[in-house]
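# Survey of secondary and tertiary structure
The chain contents come next:
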Amino acid sequence: MTGEQRTTHFGYQTVDEDAKAGMVHGVFSRVASKYDIMNDLMSVGIHRLWKDAMMDWLAPRPGQRLLDVAGGTGDVAFRFLKRAPGATAMVCDMTESMLIEGQKRAEAEDMADRLSWQVGDAMELPFESNSFDVYTISFGIRNVTRVQDALAEAYRVLKPGGRLMVLEFSQLPNAAMQKAYDLYSFNVIPVMGQVVANDRDSYQYLVESIRKFPDQETFASMIRTAGFGLVKYRNLSMGIAALHSGWKI
Ligand SMILES: C[S@@+](CC[C@H](N)C(=O)[O-])C[C@H]1O[C@@H](n2cnc3c(N)ncnc32)[C@H](O)[C@@H]1O
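We now turn to the structure provided with this report. Since the model is a prediction, treat every value here as computed from it, not as a measurement.

The rules behind each value
- Residues numbered from 1 in each chain as written.
- Predicted model: local features only at pLDDT ≥ 70, side-chain atom pairs only at ≥ 80, totals over all residues.
- Heavy atoms only, no water.
- Helix = DSSP H or I, 4+ residues; strand = E, 2+ residues; numbered from the N terminus.
- Buried < 20%, exposed > 50% of the residue type's maximum accessible area, 1.4 Å probe, protein only.
- Contact = heavy atoms within 4.5 Å.
- Expected span 1.5 Å × (residues − 1).
- Arc of directions from axis to C-beta.
- Pairing = 2+ DSSP bridges.
- Right-handed = clockwise from strand over helix to strand, strands pointing away.

Below, the discussion takes up the environment of glycine 11. Along the chain, glycine 11 falls in the loop between strand S1 (7–10) and strand S2 (13–16). Residue glycine 11 is classed as buried on the basis of its relative accessible area of 1%. Expressed as a C-alpha distance, the spacing of glycine 11 and aspartate 215, which sit 204 residues apart in the sequence, is 16 Å. The residues contacting glycine 11, other than those within four sequence positions of it, are Tyr205, Glu208, Ser209 and Lys212.

Let us look at helix H3 (residues 46–58). Helix length check: H3, at 13 residues, gives a terminal C-alpha distance of 18 Å against a target of 18 Å (1.5 Å per residue), a fit within 8%. Regarding H3, the residues found buried are His47, Trp50, Lys51, Met54, Met55, Trp57 and Leu58. Seen from one end, H3 has its buried residues packed into an arc of 165 degrees, which puts them on one side. Opposite the packed face of H3, turned more than 90 degrees from it, sit the exposed residues Leu49 and Asp56.

Turning to the pairing of strand S5 (residues 115–119), a few remarks are in order. Both strand S4 (residues 88–93) and S5 contribute to a ladder of five bridges, which runs parallel. Considered in S5, the bridge of methionine 90 is made with serine 116. On the question of chirality, the crossover connecting S4 to the parallel S5 by way of helix H5 (residues 96–108) is right-handed.

Written out as structure tokens, the structure reads:
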């Protein structure tokens, strides 16, 4: 042991590993009340199509038990439950104010009895091993300090035969398209964050964190390293986002 502090990235900043979770928590605590509307504005509603594509591939089945990690306001869990009668969902997130927004939605949509909400960290899930049929994480994993640890936890809590599905921003296939996308994201999104949520910095972090996340193939190999089999991915909107699927077999 050298006692040396390990570092990681927070967007484009290099920060101590121990500091990152608190900074991410700060971002999502600040944006929680505007999170859903900002998602629609930033993606011009396209995040809804991506989440529907996630459900199409996942094909939720009646009675399944879902764990939606970094589940925030519950968007993915709601979609899952609407497609699977008798299924139940646990939404776990480290930011309580995001879960509180989700609970309000659950009441409004009359789905509260099929949902549970738990504050917790993706890298150290407060659940027993082998206890869920499906694990989802949508636009959450790039915020996690040690992504490989979160994948190991996903593997641990899934039942044998259980399935992981990750929805995350990804990388476009060529430099020209990436440049056009960067122009939009770096110039428009922080300004939108300032105008709508009065918080430019949080949305600057968001676009930087997207660029720091590994490409499709690298992330697929991280999922295999965690023990998952039959790992596959599908690009969404040419790779602006991607779905990764794996099975605990
Ligand atoms: C961009 S939001 C995604 C919310 C939701 N899954 C969706 O797709 O709309 C990211 C969420 O990840 C949560 N988060 C970040 N790091 C986390 C961690 N280590 N453990 C659990 N949740 C985390 C944040 O609190 C935030 O609610």
